[in-house]
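Observations on the model geometry
Here is how the chains run, residue by residue.
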Amino acid sequence: MAMTVMHTFTRNMATAAKINNVVVVGGGLMGSGIAQVAAATGHNVTLVEMNDELVQKAVGGIRKSLERVAKKQFKDDAARGQQFIDGTLSKIRGETKPEKAAQEADLVVEAIVERMEVKHQLFTKLDMAAPAHTIFASNTSSLSIAEIGSVTKRQDRFGGLHFFNPVPVMKLLEIIRTDLTSDGTYRSLVAFGERLGKSCISCKDTPGFVVNRLLVPYMAEAIRLLERGDASARDIDTAMKLGAGYPMGPIELLDYVGLDTTNNILQGWHEKYPENPLFQPIKTLEKLVGEGKLGVKSGEGFYSYKK
């Protein structure tokens, strides 16, 4: 009996320690950030984008981000700072074919567009190409992990790794277990998160996990306050900053996150749970998105950011 327990423990520990080769699919803000922190903590990283130009753009963004980190961390030692930048970048290589990248992966993290059919196409391809031991994870912020993983034959090796923007700065990592995620897979994901220096929390596969399940309805309610004319945007933001100690007000946060992103999340949840009043679509939000006013990234949202 003791031998069996010891063998299981050893096997699980070995599983948890095995993630060295990481593939990140998607070189946007989130994917680049995940690639950066994985490379900075000694993982071999392959960053997958649709073409070479996008790969170069992503790597360029990572270089700039690393320069900012080095300036802060090694402000009195420029040589060590440069060593940190070069060392991290040397751990990252680019690829345009996800199936090729997955062939030697211990972990594949998907950080692409929030559309179920696109994620399904990707994971169907990856499932055929990746070795049996490879763990798959999605960085989705709003879709069901189980549904994303349902197209694979490794649902026991499928989980969620929900990072926060900007990834190199934000300490939290939500680790999502589906009903089929194995204990070994879960332990491996936790070990990976901790090696990245993140504080890991666990959550079941529920809409928005912990943070967005609380945050999206909160931001939506702030817009509803505004729509009713109960208070101005500035006063709503000031109220939550000074009254609740939040670093940003909900309207500011909406602009920062992207109005399109929040609108997509609400629409997706509303389609799945039409009876939930918290998930009702919001006309003001839809109108601004329709006008291309997406927040900080487009220069205007609820506030204007044009210089």
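Chains are numbered independently. Their residues run from 1 in the order of the written sequence. Local features in this predicted model are restricted to residues of pLDDT 70 or higher, and side-chain atom pairs are both shown and tallied only at a pLDDT of 80 or more, whereas totals for entire chains, interfaces and linings draw on every residue. To get the side-chain values, all heavy atoms of the structure are used, and hydrogens and water are removed first.

The name that an unreviewed UniProt entry assigns to the protein is 3-hydroxyacyl-CoA dehydrogenase, with the source organism given as Anopheles atroparvus. UniProt positions are given in the numbering used here, feature names are shortened, and annotations may be inferred rather than shown by experiment. Looking at the Subcellular location (unreviewed entry) heading of the UniProt record, one finds this comment for the protein: "Mitochondrion matrix".

**Section: the layout of surface pockets**
Here the term cavity refers to a set of points on a 1 Å grid, laid over the protein atoms alone, in which a 1.4 Å probe fits but cannot get out; the term pocket refers to an open set having protein on both sides within 12 Å along at least five of seven lines, with lining residues being those that place an atom within 4 Å of a point. Grid points are joined across faces, edges and corners, and a volume is the space filled by probe spheres set on the points. Estimated volume of the second largest pocket: approximately 160 Å³. If you trace the second largest pocket, you find it lined by N21, V22, V23, N44, V45, T46, R93, K100, A101, Q103, E104 and A105. Among the elements of the structure, β1 (21-25), β2 (44-48) and α5 (98-101) are those that each provide at least two residues to the lining of the second largest pocket. Under the scheme applied, nonpolar residues are Ala, Val, Leu, Ile, Met, Phe, Trp, Tyr, Cys and Pro; charged residues are Asp, Glu, Lys and Arg; polar residues are all the others, including Gly. In terms of residue class, the lining of the second largest pocket is built from 5 nonpolar, 4 polar and 3 charged. Each helix corresponds to a stretch of at least 4 residues labelled H or I by DSSP, and each strand to a stretch of at least 2 residues labelled E; elements are numbered beginning at the N terminus.

**Some points on the packing of aromatic side chains**
Working definition: a ring pair exists when centres of Phe, Tyr or Trp rings (six-membered ring for Trp) sit within 6.5 Å. Plane angles under 30 degrees give stacked, over 60 give edge-to-face, the rest tilted. Scanning all chains against the criterion turns up 7 aromatic pairs. Here Y218 and Y246 contribute two aromatic rings whose centre-to-centre distance is 5.7 Å and whose plane-to-plane angle is 70°, an arrangement assigned as edge-to-face. Of this pair, Y218 sits in helix α9 (residues 211-227) while Y246 sits in the loop between α10 (233-244) and α11 (250-257), and the two are 28 residues apart along the sequence. Connected via pairs of aromatic rings, a cluster forms that spans F123, F136 and F158. For a lysine, the NZ atom is tested; for an arginine, the CZ atom; a charge sits over a ring if that atom is within 6 Å of the ring centre and within 35 degrees of the ring normal. The positively charged end of R154 is found above the aromatic ring belonging to F136, 4.5 Å away from the centroid. Above the ring of Y186, the side-chain terminus of R177 is found at 4.5 Å from the ring centroid.

**What to know about empty space enclosed by the protein**
One pass over the structure, following the stated rule, counts 1 cavity of 30 Å³ or more. Volume-wise, the largest cavity comes out at about 30 Å³. Together, I145, A146, G149, Q155, F158, T178 and L180 line the largest cavity. In terms of residues, the lining of the largest cavity owes the most to one element, helix α7 (residues 145-149), which gives 3 residues. Broken down by class, the residue content of the lining of the largest cavity amounts to 4 nonpolar, 3 polar and no charged.

**Focus: the sheet that holds strand β3 (residues 92-95)**
The 8 strands are arranged β3-β2-β1-β4-β5-β6-β7-β8 in an open sheet whose pairing can be described as mixed. The open sheet has two free edges, formed respectively by β3 and β8 (199-204), since each of these has just one partner strand. Along the sheet, successive strands turn relative to each other by an average axial angle of 25°, direction set aside. Criterion used throughout: strands pair if DSSP finds at least two bridges between them. Of the strand pairs in this sheet, strand β5 (residues 135-138) and strand β6 (residues 158-162) are connected by 3 bridges, and their pairing is parallel. Bridged to F136 within β6 is F158. A fitted line through C-alpha atoms represents every axis, and for helices the fit uses only the stretch in contact; the resulting angles, taken between N-to-C directions, go from 0 to 180 degrees.

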